[in-house]
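These are the residues of each chain, in order.
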Amino acid sequence: PIHVQGVLGIEVDYAGIVLVPFVLGFALTGGLSGFVLGHSGSARALVAGGALVGTVGLILLARLTPESGLQDIHVGLAIVGAGLGAIVPTVFNVAQNVLPPQQMGVGTAIEHFLRSFGGTVGVAIMGALVNNTLLDNLLREVPERFRDRASQITFRDLNEGAARFLSDGPGSLNDTAQEIVRAGLNESLVLVYAACVPVLIAAGLIGLTLNYHNPSK
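Residues numbered from 1 in each chain as written. Predicted model: local features only at pLDDT ≥ 70, side-chain atom pairs only at ≥ 80, totals over all residues. Heavy atoms only, no water.

The next thing to look at is the overall build of the chain. A count of helices and strands for the chain gives nine helices and zero strands. In the chain, the succession of helices and strands from N to C terminus is α-α-α-α-α-α-α-α-α. Residues classed as buried in the chain amount to 34% of the 217 residues present. For the chain, the proportion of contacts with a sequence separation of at least 24, taken over those separated by at least 6, is 76%. Counting only carbon and sulfur atoms, one obtains 66% of the accessible surface of the chain, whose full area is about 12,300 Å². (Helix = DSSP H or I, 4+ residues; strand = E, 2+ residues; numbered from the N terminus. Buried < 20%, exposed > 50% of the residue type's maximum accessible area, 1.4 Å probe, protein only. Contact = heavy atoms within 4.5 Å. Areas by Shrake-Rupley, 256 points an atom, 1.4 Å probe, with all protein chains shown as cover.)

Enumeration over the complete set of coordinates arrives at one salt bridge. R115 serves as the salt-bridge partner of E111, at 3.2 Å between the closest nitrogen and oxygen. With E111 and R115 both in helix 6 (residues 104-141) and four residues apart, this pair spans about one turn of that helix. Classification of R115 as partly exposed rests on a relative accessible area of 37%. (Salt bridge = Lys/Arg side-chain N within 4 Å of Asp/Glu carboxyl O.)

Attention now goes to the nonpolar core. Among the nonpolar cores identified, the biggest contains 25 residues, and L61, L64, I73, L189 and Y193 are the most heavily contacted of them. Those elements giving two or more residues to this core turn out to be helix 4 (43-62), helix 5 (70-97), helix 6 and helix 9 (175-207). Among the elements that take part in this core, helix 9 stands out by supplying eight residues, more than any other. Beyond its immediate stretch of four places on either side in the chain, L61 contacts I73, G76, L77, V80, V190 and Y193. (Core = buried A, V, L, I, M, F, W, Y, C linked by side-chain atoms within 4.5 Å.)

This part covers the confidence of the model for the chain. Taken as a whole, the chain shows an average pLDDT of 81; of its residues, 80% reach a score of 70 or greater. Considering each helix and strand of the chain separately, the mean pLDDT is smallest for helix 8 (residues 155-168), with a value of 55, and largest for helix 4, with 93. (pLDDT = per-residue confidence, 0-100.)

The geometry of a pair of packed helices is captured by two quantities: the angle between their axes and the separation between those axes. Remark: helix 3 (residues 20-40) packs on helix 5, axes separated minimally by 6 Å, with the N-to-C direction vectors making an angle of 35°. When the axes of helix 3 and helix 5 are compared, the crossing they make is right-handed. (Axes fitted to C-alpha atoms, helices over the stretch in contact; angles between N-to-C directions. Left-handed = near helix turned anticlockwise from the far one by under 90°.)

The next point concerns the packing of aromatic side chains. In the structure shown here, the tally under the stated rule is two aromatic pairs. Aromatic side chains F113 and F117 sit 6.0 Å apart centroid to centroid with 20° between the ring planes, which places their arrangement in the stacked category. Placement of both F113 and F117 in helix 6 is noted, with a separation of four residues, approximately one turn of the helix. Classification of F117 by relative accessible area gives partly exposed; the value is 48%. (Phe/Tyr/Trp six-rings, centres within 6.5 Å; stacked < 30°, edge-to-face > 60°.)

Let us look at the side chain of E111. For E111, a relative accessible area of 10% puts it in the buried group. If near-sequence neighbours (up to four positions away) are discounted, E111 is found in contact with V91, F92 and A95.

Together, V106, I110, F113, L114, F117, V121 and I125 give the surface a local cluster of nonpolar side chains, amounting to about 680 Å² of exposed area. For V121, the location among the structural elements is in helix 6. (Patch = residues over 30% accessible without salt bridge, like charges linked within 9 Å, V, L, I, M, F, W, Y side chains within 5 Å.)

So, on to helix 4. Taking 1.5 Å of rise per residue, 20 residues should cover 28 Å, and helix 4 covers 28 Å from first to last C-alpha, within 8% of that figure. Within helix 4, burial applies to A43, L46, V47, G50, A51, G54, T55, G57, L58 and L61. On an axial view of helix 4, the arc spanned by its buried residues comes to 170°, and they lie on one face. Away from its buried face, by an angle of more than 90 degrees, helix 4 presents the exposed residues A45 and L52. (Expected span 1.5 Å × (residues − 1). Arc of directions from axis to C-beta.)

Here we come to the packing of helix 4 against helix 5. At a closest axis distance of 7 Å, the pairing of helix 4 and helix 5 adopts a crossing angle of 155°. Overall, the two elements helix 4 and helix 5 adopt an arrangement that is roughly antiparallel. As helix 4 runs across helix 5, the sense of the crossing is left-handed. Tallied by class, residues from the contact of helix 4 with helix 5 come to 19 nonpolar, six polar and no charged. (Parallel < 35°, antiparallel > 145°, perpendicular 65-115°, else oblique. Nonpolar A, V, L, I, M, F, W, Y, C, P; charged D, E, K, R; others polar.)

Rendered as C-alpha cells:
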C-alpha cells in the first residue's frame, strides 16, 4: 500500500485493495499444497518450490520503477502470495504430523509463535531499512542547487512530511517535489523487496532438510 500511495500516487481508498492478488495467490496454493502434501507427502518440494516461486515475485517487485503500473505490482504480489501459500500451510502440517499426539499442541503453538515473531521482527527490520535509506535517496534526487538546504532535513521532518504526503496525496506537492519523493521512496522500497530475496532462499534451503513422512501412507 505504501508503494501504491507514495510512488504511484493512487488514492488511499484503493491502496488496500492492491493486496487482493497476494491473498488470492496465497489462498490458491495454500489449498493445493494441502492436497499435494496429503497425497504425496512431498513437503520438501512444496517448501523449496514455494520459496523459488516467491523469490521470482520478489525479484519482479525489486525491478519496479516510478513509471511501473499497477499491473506490475499485481503480478509480483500474486506470485509472492502463491509462493508463501505453498510454504506456510506445509510447515504447519509438518509440525502437526511429525510430533506424537501428546506434543502436537505444543509443536503447533511454537510454530505459530515463531511465524508471528519472525513477521514482527521482519517488519521492524524492513521499516528501519526504509527509514535509513529514504533520506539519502531523496537528497540524491534533489537538484544540486537545493542540496545544501535539503541536507538540513532531519528524520523527524522526513517522517512528518511522509505522513502528510500519504494522507493528503501527491496532489499536495508540486510536480518537481512529487518526482523527487516518488523516486526516493521507490528506491527504498525496492531495496526492501531485494533484501527479502535471500531470506526466502534461505527458507527454501531449510525446507530441503524437512524429514516428513505422510502418516496416511
